[in-house]
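# Chains, contacts and geometry: an overview
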Amino acid sequence: MNVKQLRYLAFALAAVAFCSCQKDPSTSDLHEDYLVYTAHDSGTDFSAIDTYFLPDSILIIGNNNRTEYWKDDDALTIIDAVAARMDNAGYTRTDDKTLAAVGLQLSYVRQETYFVGYNNPYWWWYYPYYWAPGYWGNWNGWHCPYSVYYGYTAGSLLMEMVNLEAEEENNRKLPIVWDTFIGGLLTNDSELNLQRTIDGVDQAFVQSPYLTK
(Lines give C-alpha, C1' and ligand atoms only; values in the text may rest on other atoms or scores of the structure.)
Protein backbone atom coordinates (compact mmCIF):
# COMPACT_ATOMS: atom_id res chain seq x y z
CA MET A 1 0.00 0.00 0.00
CA ASN A 2 1.52 3.32 -1.06
CA VAL A 3 1.55 6.62 0.86
CA LYS A 4 -1.36 8.09 -1.09
CA GLN A 5 -3.52 5.06 -0.35
CA LEU A 6 -2.56 5.24 3.33
CA ARG A 7 -3.68 8.85 3.53
CA TYR A 8 -7.05 8.08 1.97
CA LEU A 9 -7.47 5.17 4.37
CA ALA A 10 -6.56 7.43 7.31
CA PHE A 11 -9.29 9.91 6.49
CA ALA A 12 -11.77 7.09 5.89
CA LEU A 13 -10.96 5.56 9.27
CA ALA A 14 -11.36 8.91 10.97
CA ALA A 15 -14.76 9.37 9.37
CA VAL A 16 -15.88 5.89 10.37
CA ALA A 17 -14.74 6.40 13.96
CA PHE A 18 -16.55 9.70 14.17
CA CYS A 19 -19.79 8.38 12.71
CA SER A 20 -19.84 5.25 14.85
CA CYS A 21 -18.67 6.67 18.19
CA GLN A 22 -19.88 10.28 18.27
CA LYS A 23 -22.92 10.36 20.58
CA ASP A 24 -23.66 14.06 20.73
CA PRO A 25 -24.75 16.17 17.76
CA SER A 26 -22.54 19.00 16.61
CA THR A 27 -23.26 22.13 18.60
CA SER A 28 -21.42 24.55 16.31
CA ASP A 29 -20.08 24.89 12.81
CA LEU A 30 -16.62 23.68 13.81
CA HIS A 31 -17.09 20.36 12.05
CA GLU A 32 -17.40 22.15 8.73
CA ASP A 33 -13.70 22.99 8.98
CA TYR A 34 -12.24 20.06 10.89
CA LEU A 35 -13.09 17.03 12.98
CA VAL A 36 -13.62 17.05 16.74
CA TYR A 37 -14.11 13.51 18.02
CA THR A 38 -14.67 12.50 21.66
CA ALA A 39 -15.29 9.18 23.42
CA HIS A 40 -15.48 8.15 27.08
CA ASP A 41 -15.85 5.23 29.42
CA SER A 42 -19.55 5.05 30.29
CA GLY A 43 -18.66 3.28 33.54
CA THR A 44 -16.62 6.19 34.90
CA ASP A 45 -18.28 8.54 37.39
CA PHE A 46 -16.69 11.84 36.39
CA SER A 47 -18.51 13.66 39.19
CA ALA A 48 -16.36 11.72 41.67
CA ILE A 49 -13.12 12.97 40.12
CA ASP A 50 -11.71 15.98 41.94
CA THR A 51 -8.09 16.66 40.93
CA TYR A 52 -6.10 16.46 37.71
CA PHE A 53 -2.49 16.75 36.63
CA LEU A 54 -1.60 18.46 33.36
CA PRO A 55 2.05 18.62 32.21
CA ASP A 56 3.50 21.91 30.96
CA SER A 57 4.41 20.58 27.51
CA ILE A 58 2.83 18.83 24.54
CA LEU A 59 4.37 15.73 22.98
CA ILE A 60 5.36 16.17 19.33
CA ILE A 61 4.79 13.10 17.15
CA GLY A 62 6.93 13.42 14.05
CA ASN A 63 9.90 11.90 12.27
CA ASN A 64 12.50 12.60 14.93
CA ASN A 65 14.05 9.57 16.64
CA ARG A 66 14.21 11.50 19.88
CA THR A 67 11.32 12.67 22.01
CA GLU A 68 10.28 16.24 21.21
CA TYR A 69 8.23 18.59 23.35
CA TRP A 70 6.23 21.62 22.32
CA LYS A 71 6.80 24.28 24.98
CA ASP A 72 6.59 27.68 23.31
CA ASP A 73 3.95 30.36 23.91
CA ASP A 74 1.49 28.70 21.53
CA ALA A 75 1.81 25.38 23.36
CA LEU A 76 1.28 27.09 26.70
CA THR A 77 -1.80 28.84 25.29
CA ILE A 78 -3.28 25.46 24.34
CA ILE A 79 -2.40 23.95 27.71
CA ASP A 80 -3.93 26.93 29.50
CA ALA A 81 -7.10 26.52 27.44
CA VAL A 82 -7.37 22.88 28.51
CA ALA A 83 -6.73 23.81 32.15
CA ALA A 84 -9.36 26.56 32.01
CA ARG A 85 -11.93 24.14 30.62
CA MET A 86 -11.11 21.58 33.32
CA ASP A 87 -11.30 24.23 36.05
CA ASN A 88 -14.63 25.50 34.71
CA ALA A 89 -15.95 21.94 34.71
CA GLY A 90 -15.28 21.75 38.46
CA TYR A 91 -11.88 20.02 38.69
CA THR A 92 -8.83 21.26 40.60
CA ARG A 93 -5.38 21.23 39.03
CA THR A 94 -2.48 19.94 41.10
CA ASP A 95 1.26 20.17 40.43
CA ASP A 96 1.84 16.81 42.11
CA LYS A 97 0.70 13.95 39.89
CA THR A 98 0.83 11.53 42.83
CA LEU A 99 -2.09 13.49 44.33
CA ALA A 100 -4.12 13.68 41.12
CA ALA A 101 -7.15 11.52 40.39
CA VAL A 102 -6.60 11.75 36.64
CA GLY A 103 -3.84 12.83 34.30
CA LEU A 104 -4.29 14.70 31.02
CA GLN A 105 -1.83 14.07 28.23
CA LEU A 106 -1.66 16.18 25.09
CA SER A 107 0.04 15.06 21.88
CA TYR A 108 0.40 16.80 18.52
CA VAL A 109 1.05 15.02 15.21
CA ARG A 110 3.46 17.07 13.13
CA GLN A 111 4.07 14.99 10.02
CA GLU A 112 3.38 11.29 9.74
CA THR A 113 0.18 9.31 9.42
CA TYR A 114 -0.73 7.18 12.43
CA PHE A 115 -3.45 4.65 13.18
CA VAL A 116 -5.00 3.85 16.53
CA GLY A 117 -6.70 0.62 17.57
CA TYR A 118 -7.50 0.54 21.27
CA ASN A 119 -8.06 -3.21 21.23
CA ASN A 120 -4.45 -3.78 20.19
CA PRO A 121 -1.11 -2.77 21.76
CA TYR A 122 -1.07 0.98 21.87
CA TRP A 123 0.35 2.57 18.74
CA TRP A 124 3.00 4.70 20.40
CA TRP A 125 4.73 1.87 22.21
CA TYR A 126 7.04 2.05 19.21
CA TYR A 127 7.70 5.76 19.56
CA PRO A 128 10.24 7.21 22.04
CA TYR A 129 7.90 9.55 23.79
CA TYR A 130 7.31 11.40 27.03
CA TRP A 131 4.03 9.78 28.00
CA ALA A 132 5.48 6.33 28.69
CA PRO A 133 3.36 4.27 31.10
CA GLY A 134 6.12 4.61 33.71
CA TYR A 135 5.58 8.37 33.76
CA TRP A 136 2.14 7.85 35.30
CA GLY A 137 3.00 4.85 37.48
CA ASN A 138 3.72 1.13 37.43
CA TRP A 139 1.56 0.28 34.45
CA ASN A 140 2.01 -2.23 31.66
CA GLY A 141 0.78 -0.28 28.65
CA TRP A 142 -2.61 1.28 28.04
CA HIS A 143 -6.22 0.22 28.09
CA CYS A 144 -9.39 1.80 26.75
CA PRO A 145 -12.70 0.19 27.80
CA TYR A 146 -14.35 1.12 24.51
CA SER A 147 -13.41 0.26 20.93
CA VAL A 148 -11.87 3.09 18.92
CA TYR A 149 -10.20 2.85 15.53
CA TYR A 150 -9.11 5.90 13.58
CA GLY A 151 -6.24 7.39 11.63
CA TYR A 152 -4.89 10.89 11.38
CA THR A 153 -2.19 12.90 9.69
CA ALA A 154 -0.30 16.16 10.24
CA GLY A 155 -1.96 18.81 12.32
CA SER A 156 -3.86 16.54 14.71
CA LEU A 157 -4.14 17.14 18.46
CA LEU A 158 -4.93 14.35 20.91
CA MET A 159 -6.11 14.77 24.50
CA GLU A 160 -6.40 11.73 26.73
CA MET A 161 -7.55 11.48 30.33
CA VAL A 162 -6.03 8.58 32.29
CA ASN A 163 -7.33 7.23 35.58
CA LEU A 164 -4.49 7.54 38.11
CA GLU A 165 -6.54 6.08 40.95
CA ALA A 166 -6.99 2.71 39.31
CA GLU A 167 -5.37 -0.17 41.18
CA GLU A 168 -1.86 -0.95 39.98
CA GLU A 169 -1.00 -4.63 39.63
CA ASN A 170 1.42 -6.68 37.57
CA ASN A 171 0.49 -6.55 33.88
CA ARG A 172 -2.41 -4.17 34.54
CA LYS A 173 -2.88 -1.47 31.90
CA LEU A 174 -3.45 2.21 32.57
CA PRO A 175 -7.16 3.02 31.90
CA ILE A 176 -8.04 5.84 29.51
CA VAL A 177 -11.46 7.18 30.54
CA TRP A 178 -11.84 10.02 28.02
CA ASP A 179 -10.12 10.82 24.76
CA THR A 180 -10.33 13.51 22.12
CA PHE A 181 -9.04 13.71 18.58
CA ILE A 182 -9.00 17.08 16.81
CA GLY A 183 -8.00 16.85 13.15
CA GLY A 184 -7.59 19.27 10.25
CA LEU A 185 -5.85 22.00 12.25
CA LEU A 186 -2.93 22.64 9.92
CA THR A 187 -3.08 25.59 7.48
CA ASN A 188 -0.54 28.08 6.15
CA ASP A 189 -1.61 30.60 8.79
CA SER A 190 -0.04 29.94 12.22
CA GLU A 191 -2.47 32.27 14.00
CA LEU A 192 -5.41 30.47 12.41
CA ASN A 193 -3.90 27.11 13.40
CA LEU A 194 -3.73 28.22 17.03
CA GLN A 195 -7.26 29.61 16.98
CA ARG A 196 -8.60 26.41 15.42
CA THR A 197 -6.86 24.38 18.10
CA ILE A 198 -8.32 26.46 20.92
CA ASP A 199 -11.77 26.29 19.32
CA GLY A 200 -11.34 22.53 18.95
CA VAL A 201 -10.45 22.17 22.63
CA ASP A 202 -13.53 24.18 23.58
CA GLN A 203 -15.71 22.07 21.28
CA ALA A 204 -14.35 18.84 22.79
CA PHE A 205 -15.61 19.92 26.20
CA VAL A 206 -18.90 21.23 24.81
CA GLN A 207 -19.69 17.82 23.32
CA SER A 208 -18.59 16.06 26.52
CA PRO A 209 -21.21 17.32 29.02
CA TYR A 210 -20.59 14.32 31.29
CA LEU A 211 -17.28 15.94 32.29
CA THR A 212 -19.05 18.82 34.05
CA LYS A 213 -19.43 18.19 37.78
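See the structure printed just above.
Now for a look at the structure at hand. (Residues numbered from 1 in each chain as written. Predicted model: local features only at pLDDT ≥ 70, side-chain atom pairs only at ≥ 80, totals over all residues. Heavy atoms only, no water.)

### What about the overall build of the protein?
Scanning the protein from terminus to terminus reveals four helices and 11 strands. Across the 213 residues that make up the protein, the buried fraction comes to 49%. Considering only contacts in the protein between residues 6 or more positions apart, those separated by 24 or more positions represent 79%. Element-wise, carbon and sulfur atoms account for 48% of the exposed surface of the protein, whose accessible area totals about 10,400 Å². (Helix = DSSP H or I, 4+ residues; strand = E, 2+ residues; numbered from the N terminus. Buried < 20%, exposed > 50% of the residue type's maximum accessible area, 1.4 Å probe, protein only. Contact = heavy atoms within 4.5 Å. Areas by Shrake-Rupley, 256 points an atom, 1.4 Å probe, with all protein chains shown as cover.)

### Regarding the layout of surface pockets
Computed from the structure, the largest pocket encloses a volume of approximately 210 Å³. In terms of lining residues, the largest pocket is bounded by Ile-60, Trp-70, Asp-74, Tyr-108, Val-109, Arg-110, Gly-155, Leu-186, Ser-190, Asn-193, Leu-194 and Thr-197. In terms of residue count, helix α4 (residues 190-206) provides more of the lining of the largest pocket than any other element does, four residues in total. Along the lines of polarity and charge, the residues of the lining of the largest pocket split into six nonpolar, four polar and two charged. (1 Å grid on protein atoms, 1.4 Å probe; cavity = no way out; pocket = protein on both sides within 12 Å on 5 of 7 lines; lining within 4 Å. Points joined across faces, edges and corners; volume = space filled by probe spheres on them. Nonpolar A, V, L, I, M, F, W, Y, C, P; charged D, E, K, R; others polar.)

### A closer look at the nonpolar core
Counting residues in hydrophobic clusters, the biggest one holds 35 residues, and the most contacted among them are Ile-58, Met-161 and Trp-178. Elements represented by at least two residues in this core include exactly β3 (58-61), α2 (73-88), β6 (102-109), β10 (156-163), β11 (174-183) and α4. For this core, the leading source of residues is α2, giving seven residues. Of all hydrophobic cores here, the second largest spans 11 residues; its members include Trp-136, Cys-144, Leu-174 and Ile-176. (Core = buried A, V, L, I, M, F, W, Y, C linked by side-chain atoms within 4.5 Å.)

### Let's talk about α2
Residue pairs spaced three or four apart in an α-helix point in one direction, given the helix's 3.6 residues per turn. Here α2 contains 16 residues, and its C-alpha end-to-end distance of 22 Å stays within 8% of the 22 Å for a straight helix at 1.5 Å per residue. Backbone nitrogen of Asp-74 and a side-chain oxygen of the N-cap are separated by 3.1 Å at the start of α2; the cap is Asp-72. Just beyond α2, the residue with positive phi is Gly-90, at close to 110°. (Expected span 1.5 Å × (residues − 1). Polar contact = N/O pair within 3.5 Å; in protein donor to acceptor, adjacent residues only side chain to side chain.)

### So, the pattern of salt bridges
Summed over the entire model, instances satisfying the criterion amount to one salt bridge. Linking Asp-202 and Arg-85 is a salt bridge whose minimum nitrogen-to-oxygen distance equals 3.3 Å. Of this pair, Asp-202 sits in helix α4 while Arg-85 sits in helix α2, and the two are 117 residues apart along the sequence. We classify Asp-202 as partly exposed; its relative accessible area is 25%. (Salt bridge = Lys/Arg side-chain N within 4 Å of Asp/Glu carboxyl O.)

### Focus on the environment of Ala-83
Mapped onto the elements of the fold, Ala-83 is located in helix α2. With relative accessibility at 6%, the residue Ala-83 sits in the buried group. Dropping the residues within four chain positions of it, Ala-83 is found in contact with Tyr-52, Leu-54 and Arg-93.

### What to know about the packing of α2 against α4
At a closest axis distance of 10 Å, the pairing of α2 and α4 adopts a crossing angle of 20°. Accordingly, the angle class assigned to the pair α2 and α4 is roughly parallel. As for how α2 packs across α4, the hand of that crossing is right-handed. In contact with Asp-74, Thr-77, Ile-78, Ala-81, Val-82, Arg-85 and Met-86 of α2, α4 contributes Leu-194, Thr-197, Ile-198, Val-201, Asp-202, Phe-205 and Val-206. Residue composition of the contact of α2 with α4, grouped by class: nine nonpolar, two polar and three charged. (Axes fitted to C-alpha atoms, helices over the stretch in contact; angles between N-to-C directions. Parallel < 35°, antiparallel > 145°, perpendicular 65-115°, else oblique. Left-handed = near helix turned anticlockwise from the far one by under 90°.)

### A closer look at a negative patch on the surface
Taken together, the side chains of Asp-72, Asp-73, Asp-74, Asp-189 and Glu-191 make up a negatively charged region of the molecular surface. Considering the arrangement of structural elements, one finds Asp-72 in the loop between β4 (68-70) and α2. (Patch = residues over 30% accessible without salt bridge, like charges linked within 9 Å, V, L, I, M, F, W, Y side chains within 5 Å. Lys, Arg positive; Asp, Glu negative; His and termini not counted. Charge placed at Lys NZ, Arg CZ, Asp CG, Glu CD.)

### Examining the side chain of Asn-193
Here Asn-193 is to be found in helix α4. Not counting residues up to four positions away in its chain, the partners in contact with Asn-193 are Leu-185, Leu-186 and Thr-187.

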